[in-house]
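Descriptive analysis of the structure
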Amino acid sequence: MKKLLVAFAFLFSFLGQSQIVDIVKWKTKLIQKSNTEFELVMDAQIDFGWHLYALNTPDGGSQPLVFTFKNAGKDYELIGKTKQGNYQKEYSDVFEVEEYFFTNTAQFKQLIKVTNPNLKEIKVALEGQTCIDGRCVQEDDVLIFTLPTIKIEEKQVNTKQVDVKIEDKISTEAPIVKEVVVSAEDVDSLKEIVSEVIAAEEKDSVQSSHSQLIKTTNKHEKEDKKKDLWTIFILSFLGGFAALLTPCVFPMIPMTVSFFTKQSKNRAQGIRNAIVYGISIIIIYVGLGLIITAIFGIDSLNALSTNVWFNLIFFVILIIFAASFLGAFEIVLPNSLLNKIDRQADRGGIVGIFFMALALAVVSFSCTGPIVGSLLGESARQGGIGPIVGMFGFSFAIALPFMLFAMFPGWMNSLPKSGGWLNTIKVSLGFLELAFAFKFLSNADLVLQMHLLEREVFLAIWIAVFGTWAFYLLGKLTLPHDTPQNHISVGRLFMALLVSTFTIYLIPGLWGAPLKILSGYTPPMTYSESPDGVGFKNEVIIADFSKEKTTENVHKGPLGLMAFHDYEEGIAYAKKVNKPVLLDFTGHACANCRKMEENVWSDPAIFKILKNEIVLISLYGDDQRELPTEEIYISKISGNEVKTIGKKWREFQIERYNINSQPYYVVLDNEGKDLNEPVGYTPDIEEYKTWLEEGIANFKKQ
């Protein structure tokens, strides 16, 4: 049954995506000008749309970039000022000053002269600010330049000479033995230099390993993003295919194809016009995705997933869309707009064909509008270019039949005739819209922690919606615009069986069944009237929380695990029991967080680790509760007041890790130091277990 349910769940679920705040990526290069003079080159790769502010941006605006050269004047001298590449200037309406900034790339150079021959590396600390659409992120980093070995000159002395052989540790090739002549009294000094060289090499090795870990993590994040974009594309394509099978679009296929074949002088021209028509459809819908992305910002869309107003507004919109699909009324655009577009379509040529495509979008809006609205809402929650990819998948599915049937007109004979089945599909989409609507309402309730739509209530609503849909498909009830039928088709019967199976699968969830297929889409088991289930308790995955409660501020977390919701309290308890910490950056409305907890943390091996070997600190980035007045402070990132608990933890995550994605996991010692590389969404159980064990092993080595 599970495989069958997966196929159905795939049709209406989007994978959540956490968004990484990694705005500027730095690369360093060392250019040797002479034996003691070097040029430090710092290249910045800036994410699209973001501004990195120049060294000399005027006061009163965004924070300028500042480089601090460690030990300058002691081990080396700065020659001149730091040089920067060409920057842009733009007047800021917010700060009412002209700001200087870089976009996409930036380069900075500093010439130095080394005065300490034992100097092995130069550290350059940077501090600045990147902004996009009023949202700013603090840039703090340390760049390290490794210097080549400084040549040790021979000393002329009258004392007894000794030969000392030094293995060159810095070479990456086979070891090279160098012979250096020094005085006997300098042997100890030389040994010290050798020790420093070896230590520097070992440090470089550690840094190289650290850099490799970061590259691997970034690679995984990029792969996850690609998978999510493919998911958006596929599901949007399915949404476009569903829109094709509605009463507003399906009858347009033969009419439009016939127009192109009859009006064109030859078959080749008809095919060409149909292709232009299809491309025009894609341009129109992708343009809509571009507008959404431009309005909200490419890196800000993900924040909508936990925004209460966004979720409430979309709940209302989807309820209206559902009512329209179910037959309560038609959603249409003004006739005056359609008349203007029709007049443009009569112009002929490529422009006329484009307006014909626009006319299709307007005429079919009552059927495609609700689907487009749902897709834009879900893809906007993914962040980035999700809306663009979503609209491309949707429009490609609609455009493809027009192009294919124009190329092969004979295929139209195989098309089913228009009829009542088109309205059945439209009504079915209405039931799906209704189910989606309550998911948005659930997100708002989770963020506000109002407990109005707990797990049992949510599941009861879904059972009612999908159960009613099953009865409709079986012909047990009719809605406006339905055609009376004496029997149902085989296809409709199979769909009714699939919906009925899914409805029955939901029912045990009322009594505490985990429903893992829907992890992240239903409220978590902890957000429930009966968190441990009704009448039974799963001892394998539910911790005995009552025995572990240590303070009044510890909470019952996922799976009944003991969890702290305050960083300082959790660290203090970890010191007391001498255990490492799992720092869990999460959110009440974070779908991937619930998937991790219900599918990965519930694994017996991982659950045992979380229960016995580690202290869990869960920090909710969307917690809307107000901070006490005395704890309110000014953000270093945005300059605004931090008034809520969630905002406090988001600031903490960004300042410490330059990331604002959830879930995000860090293993710390009980002093708050990282024990290994943090990870994000990691659905592979063995991979996550290995990562946890690595952090704990590093703690035990201390």
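Note that the structure is a prediction, hence the values are computed from the model and not measured.

Basis of the calculations
Residues numbered from 1 in each chain as written. Predicted model: local features only at pLDDT ≥ 70, side-chain atom pairs only at ≥ 80, totals over all residues. Heavy atoms only, no water. Helix = DSSP H or I, 4+ residues; strand = E, 2+ residues; numbered from the N terminus. Buried < 20%, exposed > 50% of the residue type's maximum accessible area, 1.4 Å probe, protein only. Contact = heavy atoms within 4.5 Å. Areas by Shrake-Rupley, 256 points an atom, 1.4 Å probe, with all protein chains shown as cover. Phe/Tyr/Trp six-rings, centres within 6.5 Å; stacked < 30°, edge-to-face > 60°. Lys NZ or Arg CZ within 6 Å of the ring centre and 35° of its normal. Pairing = 2+ DSSP bridges. Axes fitted to C-alpha atoms, helices over the stretch in contact; angles between N-to-C directions. Polar contact = N/O pair within 3.5 Å; in protein donor to acceptor, adjacent residues only side chain to side chain. Patch = residues over 30% accessible without salt bridge, like charges linked within 9 Å, V, L, I, M, F, W, Y side chains within 5 Å. Salt bridge = Lys/Arg side-chain N within 4 Å of Asp/Glu carboxyl O. Lys, Arg positive; Asp, Glu negative; His and termini not counted. Charge placed at Lys NZ, Arg CZ, Asp CG, Glu CD. Core = buried A, V, L, I, M, F, W, Y, C linked by side-chain atoms within 4.5 Å. pLDDT = per-residue confidence, 0-100. Parallel < 35°, antiparallel > 145°, perpendicular 65-115°, else oblique. Left-handed = near helix turned anticlockwise from the far one by under 90°. Nonpolar A, V, L, I, M, F, W, Y, C, P; charged D, E, K, R; others polar.

1. A few points about the overall build of the chain
- Counting secondary structure elements, the chain contains 18 helices and 19 strands.
- Expressed as a percentage of its 702 residues, the buried residues of the chain come to 48%.
- Sequence-distant contacts in the chain: of pairs separated by 6 or more residues, those separated by 24 or more amount to 71%.
- Here the chain has roughly 34800 Å² of accessible surface; of this, 58% comes from carbon and sulfur atoms.

2. Let's talk about the packing of aromatic side chains
- A complete count under the given rule lists 30 aromatic pairs for this structure.
- Ring pairing ties together the aromatic residues W26, F67, F69, Y87, Y100, F102 and F108, which thus form one cluster.
- The ring of Y472 is capped by R492, whose NZ or CZ atom sits 5.0 Å from the centre of that ring.

3. What to know about the environment of A589
- Checked against the element boundaries, A589 lands in the loop between β15 (581-586) and α15 (591-600).
- Sequence-wise, A589 and A444 are 145 residues apart; in three dimensions their C-alpha atoms are separated by 7.7 Å.

4. Section: the sheet that holds strand β8 (residues 105-114)
- As summarised here, the arrangement of the four strands in space is β1-β2-β8-β5, forming an open sheet in which the pairing is antiparallel. In this open sheet, the two strands that pair with only one neighbour each are β1 (24-32) and β5 (76-84). Strand-to-strand twist of the sheet, defined as the mean angle between neighbouring strand axes without regard to direction, takes the value 20 degrees.
- Where β5 and β8 come together, six bridges link them in antiparallel fashion. Residue pairing in the sheet places I79 in a bridge with L111 of β8.

5. Considering the side chain of T682
- Mapped onto the elements, T682 comes out in the loop between β19 (664-668) and α18 (685-701).
- From its side chain, T682 meets the backbone oxygen of G680 in a polar contact 2.9 Å long.
- Look past the residues within four positions of T682 in its chain and what remains in contact with it is M596, V600, E687 and Y688.

6. What about a negative patch on the surface?
- Together, E127, D140, D141 and E655 give the surface a local cluster of negative charge.
- Looking at where D140 falls in the secondary structure, it is placed in strand β10 (residues 135-146).

7. Remarks on unusual backbone geometry
- Even without a glycine there, the phi angle at H451 is positive, about 60 degrees.
- For H451, the location among the structural elements is in the loop between α10 (420-448) and α11 (455-473).
- With a phi close to 60 degrees, L559 is a non-glycine residue in the positive phi region.
- Inspection of the secondary structure assignment puts L559 in the loop between β13 (554-556) and β14 (562-564).

8. Considering the nonpolar core
- Membership of the largest hydrophobic core comes to 36 residues, with the highest contact counts inside it found for L318, W462, F466, W469 and L506.
- For this core, the secondary-structure elements that each account for two or more residues are α5 (308-325), α10, α11 and α12 (490-506).
- Considering every element that reaches this core, the biggest residue donor is α11, with eleven residues.
- Grouped together as the second largest cluster of nonpolar side chains are 32 residues, F67, L119, V124 and L147 included.

9. Digging into the sheet that holds β19
- Sheet architecture is open: five strands sit in the order β13-β14-β16-β15-β19, paired in mixed fashion. Two strands lie at the open edges of the sheet, namely β13 and β19, each paired on one side alone. Here the average twist between neighbouring strands, direction ignored, is 35 degrees.
- Sheet strands in contact with helix α14 (residues 567-577) are β14, β15, β16 (615-620) and β19, and its direction is about 175 degrees off that of β16.
- Each of β15, β16 and β19 touches α15; the most contacted strand, β15, lies at about 140 degrees to it.

10. Structural notes on the pattern of salt bridges
- Tallying each qualifying case throughout the model produces ten salt bridges.
- K648 serves as the salt-bridge partner of E631, at 3.9 Å between the closest nitrogen and oxygen. Placement of E631 in the loop between β16 and β17 (633-634) and of K648 in helix α17 (residues 645-657) is noted, with a sequence separation of 17 residues between them.

11. A word on the confidence of the model for the chain
- Of the residues in the chain, 69% reach a pLDDT of 70 or more, and the chain-wide mean stands at 76.
- Counting interchain partners and residues more than four positions distant, the pLDDT-below-50 stretch residues 202-221 has twelve contacts.
- Counting contacts from residues 536-552, a segment whose pLDDT is below 50, to residues more than four positions away or on other chains yields 31 contacts.

12. Some thoughts on the packing of α11 against α12
- Across the interface, α11 lies against α12 with an axial gap of 8 Å and an inter-helix angle of 160 degrees. One way to sum up the angle between α11 and α12 is to call them roughly antiparallel. Crossing angle aside, the handedness with which α11 passes α12 is left-handed. Each of L459, W462, I463, F466, G467, W469, A470, Y472 and L473 in α11 lies in contact with α12, whose residues at this interface are R492, M495, A496, V499, S500, F502, T503 and L506.
- Looking at side-chain class alone, the contact of α11 with α12 contains 13 nonpolar, three polar and one charged residues.

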